[in-house]
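Structural overview for review
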Amino acid sequence: MQRLLWQSGLVLLAILASPGLAHAQTDARNPFFAYLTDPVQRATLICYTPSELDPRNPANQRALKSSSIKADLAALRPAFDGLVLYGYHEACTPRILDLAVELKYRAVLLALWDPRSADEVDGVLSLVRQFDGKLAMGVLVGNEGLTSQRYETEDLTIARHRLQAGLPADGQIPWTTSEPLVGYERPFVMEFGDFLAPNIHPVFDRTDFPPDKAAEWVHAEALRLAKATGKPVLVKETGFPHAGKPMYSPDSQRAFWAAYTKAGTIGGAGNAWTHHGVAFEAFDLPWKSEESKLEIEKSWGLFSQRREAFPAVEVWKAVKGR
């Protein structure tokens, strides 16, 4: 008992000594928020789509080898201990989580790409039950679909009802949706869920900002949303690509992430804390440029499609080691 009290005291001192963490709310019933605000073992997450998967053809989910997923996750693991996913597919997502546990990842933010799909909702719920106690988990109910008009607010509400009927009633699994920053002009998006998970991209919204100024702007926008709602804000996407335009290079990508993480990964106060520990994204994905017709879209990766690390990875290794 004395040892337990002594260890608890050390954790409390670490919380009080960590910038931005003294006022962060870490509900013991909520493992995902506790993971994000852990003052001892810092949370580092990365947005993950398998490097060898083109999800535009559903058959590719079944064709993807488990050894390829494992090689991806092994390459990411020295710098990251959490994953942010974009949707659920029964042939792929369960394998990702099983291999993540094997490789000692600590957390995953599950997601529905199509909130109108009962199969996606039920698949996410099955993973919540299977991996309860093995991973800290949250859920994104929809990904960037309101702004693009891929679905409607009614679809998110219906999916939320189905999801909540199957989630633990004690608030252990927080949920929200995700939209580009412009989507948070909608009261519905601001009010939906336990936290916010915006995409805040200076590359699109502040095109002339250099890396350090771009990082500062992302921090300010996240804090603005947190203060407006009184909710935690996890910046789900931000960053610099390493190619596609003259101002984007491996060096400018590294400079952005260095500036972004310089002040630590937690900010804000009270329930309105902000989390800046998510990297976007794991691997270069050429199919994204084919789909969007934008050159930069295939160059967001912190790793090449062959799993070769760009210099920005060293920034995240340092964050993880602080």
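Scroll up to find the structure this text is about.
Residues numbered from 1 in each chain as written. Predicted model: local features only at pLDDT ≥ 70, side-chain atom pairs only at ≥ 80, totals over all residues. Heavy atoms only, no water.

Time to look at the side chain of T261. Its location among the elements puts T261 in helix α11 (residues 250-261). The class of T261 is buried, set by a relative accessible area of 0%. A polar side-chain atom of T261 sits 2.8 Å from the main-chain carbonyl oxygen of W257. Setting aside residues no more than four positions away along its own chain, T261 makes contact with H276, V315, W316, V319 and R322. (Helix = DSSP H or I, 4+ residues; strand = E, 2+ residues; numbered from the N terminus. Buried < 20%, exposed > 50% of the residue type's maximum accessible area, 1.4 Å probe, protein only. Polar contact = N/O pair within 3.5 Å; in protein donor to acceptor, adjacent residues only side chain to side chain. Contact = heavy atoms within 4.5 Å.)

Listing the buried residues of helix α13 (residues 312-321) in full gives A312, V313, V315, W316 and V319. Across the axial projection of α13, the buried residues extend over an arc of 155 degrees, all falling on one side. Where α13 is buried, its residues touch α11 and β9 (278-279). (Arc of directions from axis to C-beta.)

What follows deals with the pattern of salt bridges. Counted according to the given criterion, the structure contains 16 salt bridges. Residue R56 is joined to D54 by a salt bridge in which the shortest nitrogen-to-oxygen separation is 2.8 Å. Among the charged side chains, a salt-bridge network with shared partners connects D54, R56, E290 and E291. (Salt bridge = Lys/Arg side-chain N within 4 Å of Asp/Glu carboxyl O.)

With that out of the way, let us pick up the packing of aromatic side chains. Per the stated rule, a full pass over the model turns up 17 aromatic pairs. Centre to centre, the rings of F33 and W273 are 5.4 Å apart; their planes meet at 85 degrees, and the pair counts as edge-to-face. Here F33, found in helix α2 (residues 31-36), pairs with W273, found in strand β8 (residues 272-275); they are 240 residues apart in sequence, far enough to count as distant. Overall, the relative accessible area of 2% leaves W273 in the buried class. Measuring from ring centre to ring centre gives 5.0 Å for W175 and F192, while their planes differ by 75 degrees; the resulting arrangement is edge-to-face. On the criterion of sequence distance, the pair formed by W175 in strand β5 (residues 175-178) and F192 in the loop between α8 (187-191) and α9 (202-205) is long-range, its members being 17 residues apart. Look at F192 and you get buried, because its relative accessible area is 4%. (Phe/Tyr/Trp six-rings, centres within 6.5 Å; stacked < 30°, edge-to-face > 60°.)

So far we have only geometry, and geometry alone does not tell us how the molecule works.
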